[in-house]
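# Examining the three-dimensional arrangement
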Amino acid sequence: MEPESASAALLIPRLTADTGANLATIERMALDAVSTGANLLLLPEAALTGLINNDDPAHDLRLGQTVPGPATDRLGALCARHGVWLGFGMLERQGRSLVDSAVLLKPDGSIALVYRRNQPQWHGPRADPATYRQGTELPVASTPFGTVGFLLCGDLFDDDIVARFRGLSVDWMLFPFARCFADGTADQVRWETEELPQYAQRIRMAGTPALMVNYLADASLGDDNSFGGACAISATGEVVASYRLGEEGMLIVDLGTLSDNRLRATRGSCMTST
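Now for a description of the structure that goes with this document. Treat the numbers as computed from the prediction; the structure is a model and nothing was measured.

Turning our attention to the sheet that holds strand β11 (residues 210–214). Strand order in the open sheet formed by 6 strands is β8-β9-β10-β11-β13-β14, with mixed pairing between adjacent strands. The sheet terminates laterally at β8 (140–143) and β14 (239–243), the two strands that pair on one side only. Within this sheet the neighbouring strands show an average axis-to-axis angle of 20 degrees, counted without direction. Two strands pair when backbone bridges link them, and β8 and strand β9 (residues 146–150) are joined in this way by 4 bridges, in the antiparallel orientation. Of the residues in β9, the one forming a bridge with A141 is V148.

Given below as structure tokens:
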């Protein structure tokens, strides 16, 4: 049975140090995406806070929320109002532990799946393992547009995780990530010539078309210079559509039925902060 035709909106928010403001930005962008007819909305890794953990539990545990919890409830209500699927990354608090997670919400607002990053490099190598935890599973969910699974950021560069993901034979990889350059720039040429080909090669290894989205860091996040951008990449590693770095916005991707292992996609319009 072929997946139902659908479109995805890859949302690139400008994240600040204010979690409440970030949620408001996500809701505003989600409403703009819904107006395009998108069925699936995808947000970056750590979309509520940014990936600003520093291996100090006193600081980092405050960044986390439970699943289910306030954020999944609020965004789930949005999904239920508008009948859309929504995937997003967040730092998840489990008692006195923290996990880099991703959540997929159904159009009725309930949770379809929770993925907990398997690869540990979202924190430093000396971080307390009692606090900073990893998942071990690769859950999948069935949707009207096919089966989906998450990978998060560094997962894509772990050969074992990629091989396991390939074995799932899902229709779509949802790939929230957080990427910056050490010099703090949003260097489009460097991204396209040096970095993006590496991501595309790894997606080809996974053998699954991928929707990938990075957040844009506001200056209030300090040393976090995540530069935004989004891409749709085919199972053969072809970059079919992308959104430029350094700008808040969304990329609209027509998922449709795969034809010659390509995605049909169009560039979304840039949205600016108010």
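On to the packing of aromatic side chains, then. For any two aromatic rings, the description comes down to two numbers: the centre-to-centre distance and the angle of the planes. Under the criterion given, the structure shown has 10 aromatic pairs. Ring geometry for F177 versus W191: centroids 6.2 Å apart, planes at 15 degrees, classification stacked. Residue F177 is found in strand β10 (residues 172–177), and its partner W191 is found in helix α5 (residues 188–206); the two are separated by 14 residues along the sequence. In this structure, F177 and W191 share a single accessibility class: buried. Members of the aromatic cluster, connected to one another through ring pairs, are F157, F175, F177, F181, W191, Y199 and F227. The ring of F181 carries R190 above its face, with NZ or CZ at 3.9 Å from the centroid.

Within a regular beta strand, the side chains point alternately toward one face of the sheet and then the other, so they alternate between its two faces. When you tally the buried positions in β10, you get 6 out of 6 residues, the bulk of the element. Every second residue of β10 is oriented toward a common face, with W172, L174 and P176 on one face and M173, F175 and F177 on the other, all of them buried. In this sheet, β10 lies alongside β9 in parallel orientation, the contact comprising 3 bridges. Bridge assignment links G149 to a residue of β10, and that residue is M173. Once you follow β9 into helix α4 (residues 159–168) and on to β10, the crossover reads as right-handed. Across 5 bridges, the pairing between β10 and β11 is parallel. Its bridge partner lying in β11, F175 is registered against M212. With α5 bridging β10 and its parallel neighbour β11, the resulting β-α-β unit is right-handed.

This part covers the side chain of S7. Assignment of secondary structure puts S7 in strand β1 (residues 7–12). Contact partners of S7, with chain neighbours within four places excluded, come to G37, A38, N39, L40, V253, D254 and L255.

Here we take up empty space enclosed by the protein. The gaps left among the atoms become clear once a water-sized probe is rolled over them. Per the counting criterion, the structure on display carries 1 cavity of 30 Å³ or more. Lining the largest cavity are F177, W191, M212, N214, F227, G228, G229, A230, C231 and L245. Contributions of two or more residues to the lining of the largest cavity are made by β11 and β13 (230–233). Split into classes, the residues belonging to the lining of the largest cavity amount to 7 nonpolar, 3 polar and no charged.

Within the structure shown, the criterion is met by 9 salt bridges. Its salt-bridge partner being R116, residue E92 comes within 2.8 Å of it at the nearest N-O pair. A residue pair is termed long-range when its members are at least 10 positions apart, and E92 in strand β4 (residues 85–94) and R116 in strand β6 (residues 111–116) qualify at 24 residues. The class for R116 is partly exposed, based on a relative accessible area of 27%. The structure contains a network of salt bridges with shared partners spanning E45, D100 and R117.

Our focus in this paragraph is the packing of α4 against α5. Running from N to C, α4 and α5 point in directions that differ by 45 degrees, and their axes come no closer than 8 Å. With respect to α5, the axis of α4 lies oblique. From α4, D159, V162, F165 and R166 reach across to α5, where they touch R202, R204, M205 and A206. Counted by class, the contact of α4 with α5 contains 4 nonpolar, no polar and 4 charged residues.

The rules behind each value
- Residues numbered from 1 in each chain as written.
- Predicted model: local features only at pLDDT ≥ 70, side-chain atom pairs only at ≥ 80, totals over all residues.
- Heavy atoms only, no water.
- Pairing = 2+ DSSP bridges.
- Helix = DSSP H or I, 4+ residues; strand = E, 2+ residues; numbered from the N terminus.
- Axes fitted to C-alpha atoms, helices over the stretch in contact; angles between N-to-C directions.
- Phe/Tyr/Trp six-rings, centres within 6.5 Å; stacked < 30°, edge-to-face > 60°.
- Buried < 20%, exposed > 50% of the residue type's maximum accessible area, 1.4 Å probe, protein only.
- Lys NZ or Arg CZ within 6 Å of the ring centre and 35° of its normal.
- Right-handed = clockwise from strand over helix to strand, strands pointing away.
- Contact = heavy atoms within 4.5 Å.
- 1 Å grid on protein atoms, 1.4 Å probe; cavity = no way out; pocket = protein on both sides within 12 Å on 5 of 7 lines; lining within 4 Å.
- Points joined across faces, edges and corners; volume = space filled by probe spheres on them.
- Nonpolar A, V, L, I, M, F, W, Y, C, P; charged D, E, K, R; others polar.
- Salt bridge = Lys/Arg side-chain N within 4 Å of Asp/Glu carboxyl O.
- Parallel < 35°, antiparallel > 145°, perpendicular 65-115°, else oblique.

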